[in-house]
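Report on the structure
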Protein chains: 2
Amino acid sequence: MESIGYIIIQIFILLLVAKVLGSIFEKLKMPSLIGEILAGVLFINLIIFFPGAGEVIHFDPNDFMNDESHFLHVMGELGVIFLLFMVGLETRFSDLMKVGRTALYVALLGIAVPLLGGFALMIAYDPGNVNLALLVGTAMFAMSTGIAIEVLRNMNAMSTKEAKIIIGAAVIDDILCLSLLAVISGIVAPDTDMTSIAINTVIVTVFLIIAFGFISRIRKIADRRRHRMIERYRHADLHGDLALSSEVSGFHEIKTHPSELSVLGIAILVCLGMAALSSTVGLAGIIGAFLAGMLFAEFKDSAPCEENFNTVTSFMLPFFFIYVGMMVKFDDFEIGLLPLLVALIAVAVLTKFISGYHGARKGKLSKDSSVLIGVSMIPRGEVGIIVASIGLTVGVFTNQMFTTIILMTLATSIIAPPLISWAYKRMYSHTHEKQQGLRGI
Amino acid sequence: MESIGYIIIQIFILLLVAKVLGSIFEKLKMPSLIGEILAGVLFINLIIFFPGAGEVIHFDPNDFMNDESHFLHVMGELGVIFLLFMVGLETRFSDLMKVGRTALYVALLGIAVPLLGGFALMIAYDPGNVNLALLVGTAMFAMSTGIAIEVLRNMNAMSTKEAKIIIGAAVIDDILCLSLLAVISGIVAPDTDMTSIAINTVIVTVFLIIAFGFISRIRKIADRRRHRMIERYRHADLHGDLALSSEVSGFHEIKTHPSELSVLGIAILVCLGMAALSSTVGLAGIIGAFLAGMLFAEFKDSAPCEENFNTVTSFMLPFFFIYVGMMVKFDDFEIGLLPLLVALIAVAVLTKFISGYHGARKGKLSKDSSVLIGVSMIPRGEVGIIVASIGLTVGVFTNQMFTTIILMTLATSIIAPPLISWAYKRMYSHTHEKQQGLRGI
């Protein structure tokens, strides 16, 4: 049997377990992505504890961990990039501006409070180890946009003001994280060049000003395009339209929807191009994908790609959650670290909730809305894992500490989704009751 | 910048070049997949000749060649697996049985003639080197199903009798190839176990008999399922239906099409499961995917997945053609081998065309149809590359010979699509003229 055959078996097993666990969580009225994350956790740890199982399907956990071009890593990243494009598609620039001030409160508190909380906890745990406390604090504050958004998206809550605040906070969070992460790595690993950090922050800011400026002006361009399209249809230039199709020309009975599929092709290209660009300036790829989605939102009428993009995302996204789960390996965990882990999880959950709640209240949101925003800030993800890796590389974290931090991020990713789901339903039903009450008057 | 950022840049560049070259070939009325293959060829060879370019985007061609879990390899394989599922969706078991005899002629001739042709050419080129001649002959006969099928599919020609014959021949070809490849590797590398080859051939035959037997009987099961569905709708068990959806329950305004997307999820699982199964018994994964597609074809009314599956395939398939192109590296090619390469390409094209044409004529097909089948057999692909790798591993091929064989498979993959496109249009317009002539009477 060829080695690609074993890889197909690996993908089949991962998707099957993810599907089964996802369905179980759905039956329990919880988001299915928890099942997908757990499928990744189960898979990697079963293979670590029973190496024979890994040999049967030719899966080497070390290859997976060390190989950055491993398909699970890349397909997972594409999944979350596509998700953020979908989110951008449902976001208008003007809506984002309206909630800008509240999003800023939420983001600033959401960085300061967990950073201080994590720092204080670690100084209490291991007094004097400032580097350790700083890095744990850093791993505490970076939020994971993907998880909160997927839960809200599944409940069709993306058009609410609360969702806009969460997205806005995520964008601000990513920019601030980038700078802070650089500064803190500079403190922990002293050979970092502070000038380049300053330059990088300027580049990022300029990039975002240009990108948002362009998107806010794109509506005029979109309107002009629409006029041209109408003109073109009026002239009924059939030949020109056929040349646009992605199918082989010369045949008329085209079964699929070529123009929609070719819009999809262009949308994917722009999405990846913007993700690549934002990676190049030093931002997360998902920020670029989100901007690309906002761009396409303005062409929704003349060039729709939402449905097809959603289909592709539904295939790719489970790989992201599976990948998140596969980061968690229990083999390095020491039972003596359990109290610390519990304390870390408690601090991680409480600090983000409190800062999200108070940030939203400061923005004059209702208590229900503020609770939703608070719980939506809880999940940590990719950045927490990156910080943990930095800690391991510079020698501040032991393997055990590394695993503890990863387990903390996993716990927040699993605790948050049911809370978000609950908070949204609660807010939704209260609003509904109020409206019914008003109608009764 | 994180390494995943560089990978997003790599994907963006590959897809962009594939899209641009694909559009140019379309404008020239040629299949766009040639452009996608050439994008792969360009990318890998530019990086080999200008290593600086590879360093800028962090792409190491050696990592790519040696890493079987590299994302380009896996996503390409998923692309062609999904393509064959789509083909299975448009294939009925009864149609395949009707053309069985002709497909058998085409497949048998299509193995014997190229094998003898390649063998004769190499014996003339390097007399006495029987192993070399045998391996080149083997690399000559294995057809590439993906390329011919994608061209026909883009012209909506999958429902024609000629397409069924090509698919049937591909299935038979794969079974015979497997056995012959095993036998010939056994001769070339004498430590191969002939008993296991015999057992494997039996397993494959039993697997296919069971699979086809199951599919031929599935219609009854499908009918029964349809009745149950109707009954269920009659009882209007809303709660039960909602539980089927893949979205978070409890909310009614679901914007996407959950039931179609959940059918897609199941279809992908079955497709990958069957591909894994057929890999396990020793067949190509695409054969299993094709069988899975045939299975879902019987549930088209109650559980449609065609449109969504097509969308996912349209995203994944370019990676297959890009990957095929990336197998071709010019750095090992010696200009002295050019005459041999030209002779190999000529033998490869002519022997497959002649055997396809005569096989079809023996099956009482018209000259136009036989020409179409003849040219559709020309492309070689994956298996030719596998044979070349075996030759390199056992030391029968030099690096130069290896590259020559790979270039031969590339040439057939690029020569064939315009010929297939031309032959189909020719057949189509002749049939059309005849019908118009009849109407005139």
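See the structure above.
The text that follows walks through the structure, step by step, so that each part is easy to find.

Every contact between the two is made by 70 residues of chain A and, on the other side, 69 residues of chain B. Inspection of the chain A/chain B interface yields zero salt bridges. Put simply, chain A and chain B have six residue pairs in polar contact (both at pLDDT 80 or more) between them. Those elements giving two or more residues to the side of chain A that touches chain B turn out to be α1 (3–27), α5 (71–89), α13 (258–281), α15 (306–326) and α19 (399–440) of chain A. Here the residues of the side of chain A that touches chain B sort into 34 nonpolar, 22 polar and 14 charged.

Our focus in this paragraph is the side chain of B:Arg153. Looking at the secondary structure, you find B:Arg153 in helix α9 (residues 145–154). Ignoring any residue separated from it by four or fewer positions in sequence, one finds B:Arg153 in contact with B:Leu83, B:Met86, B:Glu90, B:Met158, B:Asn310 and B:Thr313.

A few words on a positive patch on the surface. Residue and element names in this part refer to chain A. On the surface, Arg-217, Lys-220, Arg-224 and Arg-228 cluster together to form a positively charged patch. Here Arg-224 is to be found in helix α11 (residues 194–235). Since its relative accessible area comes to 53%, Arg-224 is described here as exposed.

For the rest of this paragraph, the subject is the pattern of salt bridges. By the definition in use, this model includes six salt bridges over all chains. Of the charged contacts, one joins A:Lys352 and A:Asp173 as a salt bridge, the two residues approaching to 3.9 Å between their closest N and O atoms. Here A:Asp173 lies in helix α10 (residues 161–188) and A:Lys352 lies in helix α16 (residues 338–362), a separation of 179 residues in the sequence. Looking at A:Asp173, the relative accessible area reads 3%, which means it is buried. One salt bridge connects B:Asp368 with B:Arg426, and the closest N-O pair in it is separated by 3.2 Å. With B:Asp368 in helix α17 (residues 367–376) and B:Arg426 in helix α19 (residues 399–440), this residue pair connects regions lying 58 residues apart in the sequence.

One finds A:Phe82, A:Phe315, A:Leu344, B:Phe82, B:Phe315 and B:Leu344 to be the most contacted residues of the largest nonpolar core, which totals 314 residues. Apart from residues no more than four positions distant in its own chain, A:Phe315 is found in contact with A:Met75, B:Leu78, B:Phe82, B:Ile268, B:Val312 and B:Met316.

Next up on the list: the packing of helix α7 (residues 100–125) of chain B against helix α8 (residues 130–141) of chain B. If you want to describe how two helices pack, look at the angle between their axes and the distance between the axes. All names here are of chain B. In contact at an axis separation of 7 Å, α7 and α8 are set at 145 degrees when each is read in the N-to-C sense. Judged by the twist between their axes, the crossing of α7 over α8 is right-handed. Each of Gly-110, Ile-111, Pro-114, Leu-115, Gly-118, Phe-119, Met-122 and Ile-123 in α7 lies in contact with α8, whose residues at this interface are Val-130, Leu-132, Ala-133, Leu-134, Val-136, Gly-137, Thr-138, Met-140 and Phe-141. Residue classes in the contact of α7 with α8 are distributed as 13 nonpolar, four polar and no charged.

The next thing to look at is a negative patch on the surface. Taken together, the side chains of A:Glu260, A:Glu307, B:Glu260 and B:Glu307 define an acidic patch exposed on the protein surface. Residue position: A:Glu307 is located in helix α15.

The next thing to look at is the packing of aromatic side chains. Scanning the entire structure with this criterion turns up 22 aromatic pairs over all chains. Here A:Phe59 and A:Phe64 contribute two aromatic rings whose centre-to-centre distance is 5.9 Å and whose plane-to-plane angle is 40 degrees, an arrangement assigned as tilted. Judged by its relative accessible area of 6%, A:Phe59 is buried. Residues A:Phe315 and B:Phe82 carry aromatic rings whose centres are separated by 5.4 Å and whose planes lie at 75 degrees to one another, so their mutual orientation is edge-to-face. Taken together, the positions of A:Phe315 in helix α15 and B:Phe82 in helix α5 (residues 71–89) put the pair across two chains. Looking at A:Phe315, the relative accessible area reads 4%, which means it is buried. Through successive ring pairs, a cluster of aromatic residues spans A:Phe82, A:Phe85, A:Phe296, A:Phe309, B:Phe315 and B:Phe319. Lying over the aromatic face of A:Tyr105, A:Lys362 brings its terminal NZ or CZ to 5.1 Å of the ring centre.

This next bit is on the relation of the copies chain A and chain B. One copy of the chain maps onto the second through a rotation about an axis and a displacement along it. Between chain A and chain B, which share one sequence, the superposing operator has a rotation angle of 180 degrees and an axial displacement of 0.0 Å; the RMSD is 0.0 Å. Within this description, the copies of the chain are treated as partners about a two-fold rotation axis. If distances are taken from each C-alpha of chain A to the rotation axis, the shortest is found for A:Phe71, at 2.0 Å. Most of the interface of chain A is mirrored in chain B, where 97% of its interface residues are also at the interface.

This paragraph deals with helix α1 (residues 3–27) of chain B. The end-to-end C-alpha separation of α1(B) is 36 Å, in line with the 36 Å expected for 25 residues at 1.5 Å each. Of the residues trailing α1(B), B:Lys29 is marked for its positive phi of about 60 degrees.

A separate point is unusual backbone geometry. Of note in this structure, A:His58 is not a glycine but carries a positive phi near 55 degrees. Within the element layout of this structure, A:His58 appears in the loop between α3 (51–56) and α4 (61–66).

Calculation rules
- Residues numbered from 1 in each chain as written.
- Chains lettered and ligands numbered in written order.
- Predicted model: local features only at pLDDT ≥ 70, side-chain atom pairs only at ≥ 80, totals over all residues.
- Heavy atoms only, no water.
- Contact = heavy atoms within 4.5 Å.
- Salt bridge = Lys/Arg side-chain N within 4 Å of Asp/Glu carboxyl O.
- Polar contact = N/O pair within 3.5 Å; in protein donor to acceptor, adjacent residues only side chain to side chain.
- Helix = DSSP H or I, 4+ residues; strand = E, 2+ residues; numbered from the N terminus.
- Nonpolar A, V, L, I, M, F, W, Y, C, P; charged D, E, K, R; others polar.
- Patch = residues over 30% accessible without salt bridge, like charges linked within 9 Å, V, L, I, M, F, W, Y side chains within 5 Å.
- Areas by Shrake-Rupley, 256 points an atom, 1.4 Å probe, with all protein chains shown as cover.
- Lys, Arg positive; Asp, Glu negative; His and termini not counted.
- Charge placed at Lys NZ, Arg CZ, Asp CG, Glu CD.
- Buried < 20%, exposed > 50% of the residue type's maximum accessible area, 1.4 Å probe, protein only.
- Core = buried A, V, L, I, M, F, W, Y, C linked by side-chain atoms within 4.5 Å.
- Axes fitted to C-alpha atoms, helices over the stretch in contact; angles between N-to-C directions.
- Left-handed = near helix turned anticlockwise from the far one by under 90°.
- Phe/Tyr/Trp six-rings, centres within 6.5 Å; stacked < 30°, edge-to-face > 60°.
- Lys NZ or Arg CZ within 6 Å of the ring centre and 35° of its normal.
- Least-squares fit on C-alpha atoms with pLDDT ≥ 70 in both.
- Expected span 1.5 Å × (residues − 1).

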